[in-house]
Amino acid sequence: MTWLIFGILTAFFEAVKDVFGKQNLKKSDEYVVAWSLSFFSVIFLIPWVVYTGIPPLNSQFWLALLIGGSINAVTSLLYIKAIKVSDLSLTLPLVALTPLFMLVTSPLIVGEYPNFFDYIGILLIVAGSYLLNIKEKSKGYLAPFTALLNEPGPKLMLIVALLWSIASNFDKIGVTNSSPIFWLFSLFGTISVLLLPVLLHKTPNPGRKILKQLPMLAAMGSLNAMGVLFQMQALTLTLVVQVIAVKRTSVLMGVLFGHFIFKEKDIQERFLGAAIMMGGVLFITL
């Protein structure tokens, strides 16, 4: 069960990275944070690439890098924007929908098919998302879903979850046709290049802002690289949907961090919804 340990470590670093991201957004815009996340991940990975070397590459690697890099460049901006405009405890649980979408995308892209437990997991994930805004039930039984869609952060995070359900499959293609370290180095390098024109266009004097926040931004990028490195190692050992499902346990950690660090309210309501969603995620791993 080495992949499970890697998955839990991925979740931990993902949750801590989100805390650093939220803190950085207090002094920087989403363009600085999104670009720095990928750029400092690349910097962190350079010594690893030098040590392990460049593996043989083929056309599948380059195709996966083109598609995966483009999708992740978009989701980087949307993800940072989502946690900027809404509470962590309300936005992060929506990421748990990624395995739900992957029950469609994984069979199509990498030929991995769901089983009976996966469908049980789907029901629990949907129930958990309902409970995130159960206080709105007095306005109608569909009101919690309407509230999620009306909140800017959760709406963006739903899009991120869908796009990640596609990109995660290309991560597996990229990793299996290179190596976990070199794939991440190439992926984050591609994202950095694609986001650089956006950063320069949207943010005045970005260099000065990055230098001002350098320690926090560099720490965020390093945590991101560590988490995704464990994720890519896990992808070499088991199914994509299992790895991403365990990674989504970062939702529970994020809800707790949102409450204790940022003093976000409605923790009981949101934690219950997140916990049920994660129960669904765990069923998907069976």
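Anyway, here's the lowdown on the structure attached to this text. (Residues numbered from 1 in each chain as written. Predicted model: local features only at pLDDT ≥ 70, side-chain atom pairs only at ≥ 80, totals over all residues. Heavy atoms only, no water.)

## A few points about the pattern of salt bridges
Now for step 1: According to the stated counting rule, one finds four salt bridges in the structure shown.
Now for step 2: In this structure, K17 and E14 form a salt bridge, with 3.6 Å as the shortest nitrogen-oxygen distance. Placement of the pair is K17 and E14 together in helix α1 (residues 2-24), with a separation of three residues, close to one helical turn. In terms of burial, K17 and E14 fall into one category: buried.
Now for step 3: K81 is the partner of E30 in a salt bridge, and the nearest nitrogen-oxygen pair spans 3.4 Å. Of the two residues, E30 sits in helix α2 (residues 30-52) while K81 sits in helix α3 (residues 59-85), which places them 51 residues apart along the sequence.
Now for step 4: Residue E30 is classed as buried on the basis of its relative accessible area, which comes to 6%.
Now for step 5: On the basis of relative accessible area, K81 is assigned to the partly exposed category, the value being 30%.
Now for step 6: Salt bridges here are not isolated pairs; linked through shared partners, they connect E30, K81 and K84. (Salt bridge = Lys/Arg side-chain N within 4 Å of Asp/Glu carboxyl O. Helix = DSSP H or I, 4+ residues; strand = E, 2+ residues; numbered from the N terminus. Buried < 20%, exposed > 50% of the residue type's maximum accessible area, 1.4 Å probe, protein only.)

## Some thoughts on the packing of aromatic side chains
Now for step 1: Applying the stated rule across the entire model yields 13 aromatic pairs.
Now for step 2: Note on F13 and F230: the rings are 6.0 Å apart at their centroids and 15° apart in plane angle, and the pair reads as stacked. One end of the pair, F13, is in helix α1; the other, F230, is in helix α11 (residues 214-235), with 217 residues separating them in the sequence.
Now for step 3: Assessed through its relative accessible area of 16%, F13 is described here as buried.
Now for step 4: Aromatic pair W35 and F39: ring centres 4.6 Å apart, planes at 10°, arrangement stacked. Of this pair, W35 and F39 both sit in helix α2, four residues apart, which is roughly one turn of the helix.
Now for step 5: According to the relative accessible area criterion, W35 is buried, its value standing at 12%. (Phe/Tyr/Trp six-rings, centres within 6.5 Å; stacked < 30°, edge-to-face > 60°.)

## Examining helix α9 (residues 180-202)
Now for step 1: Counted at 1.5 Å a residue, the expected span for α9 with its 23 residues is 33 Å, and the 32 Å between its end C-alpha atoms agrees.
Now for step 2: The sharpest bend along α9 measures roughly 35° and falls at L195, with the proline P197 sitting one to four residues further on.
Now for step 3: Here α9 has its buried residues at P180, I181, F182, W183, L184, S186, L187, F188, I191, S192, L195 and L199. (Expected span 1.5 Å × (residues − 1). Bend = angle between axes of the 7 residues up to and from the residue.)

## Remarks on the nonpolar core
Now for step 1: Grouped together as the largest cluster of nonpolar side chains are 71 residues, with contacts concentrated most on Y79, M157, W183 and L184.
Now for step 2: When near neighbours in sequence (up to four residues on either side) are disregarded, W183 contacts F61, A64, L65, F170, D171, G174, V175, S178 and M232. (Core = buried A, V, L, I, M, F, W, Y, C linked by side-chain atoms within 4.5 Å. Contact = heavy atoms within 4.5 Å.)

## Comments concerning empty space enclosed by the protein
Now for step 1: Evaluation of the coordinates by the stated rule reveals three cavities of 30 Å³ or more.
Now for step 2: Approximately 320 Å³ is the volume found for the largest cavity.
Now for step 3: Looking at the lining of the largest cavity, the elements that each hand over two or more residues are α1, α2, α3, α8 (152-176), α9, α11 and α12 (240-247). (1 Å grid on protein atoms, 1.4 Å probe; cavity = no way out; pocket = protein on both sides within 12 Å on 5 of 7 lines; lining within 4 Å. Points joined across faces, edges and corners; volume = space filled by probe spheres on them.)

## Observations concerning the packing of α8 against α9
Now for step 1: Running from N to C, α8 and α9 cross one another at 125°; their axes reach a closest spacing of 8 Å. Considering the angle they form, α8 stands oblique to α9. Once α8 is placed against α9, the crossing between them reads as right-handed. Facing α8, whose interface residues are F170, D171, G174 and V175, α9 presents P180, W183 and L187. (Axes fitted to C-alpha atoms, helices over the stretch in contact; angles between N-to-C directions. Parallel < 35°, antiparallel > 145°, perpendicular 65-115°, else oblique. Left-handed = near helix turned anticlockwise from the far one by under 90°.)

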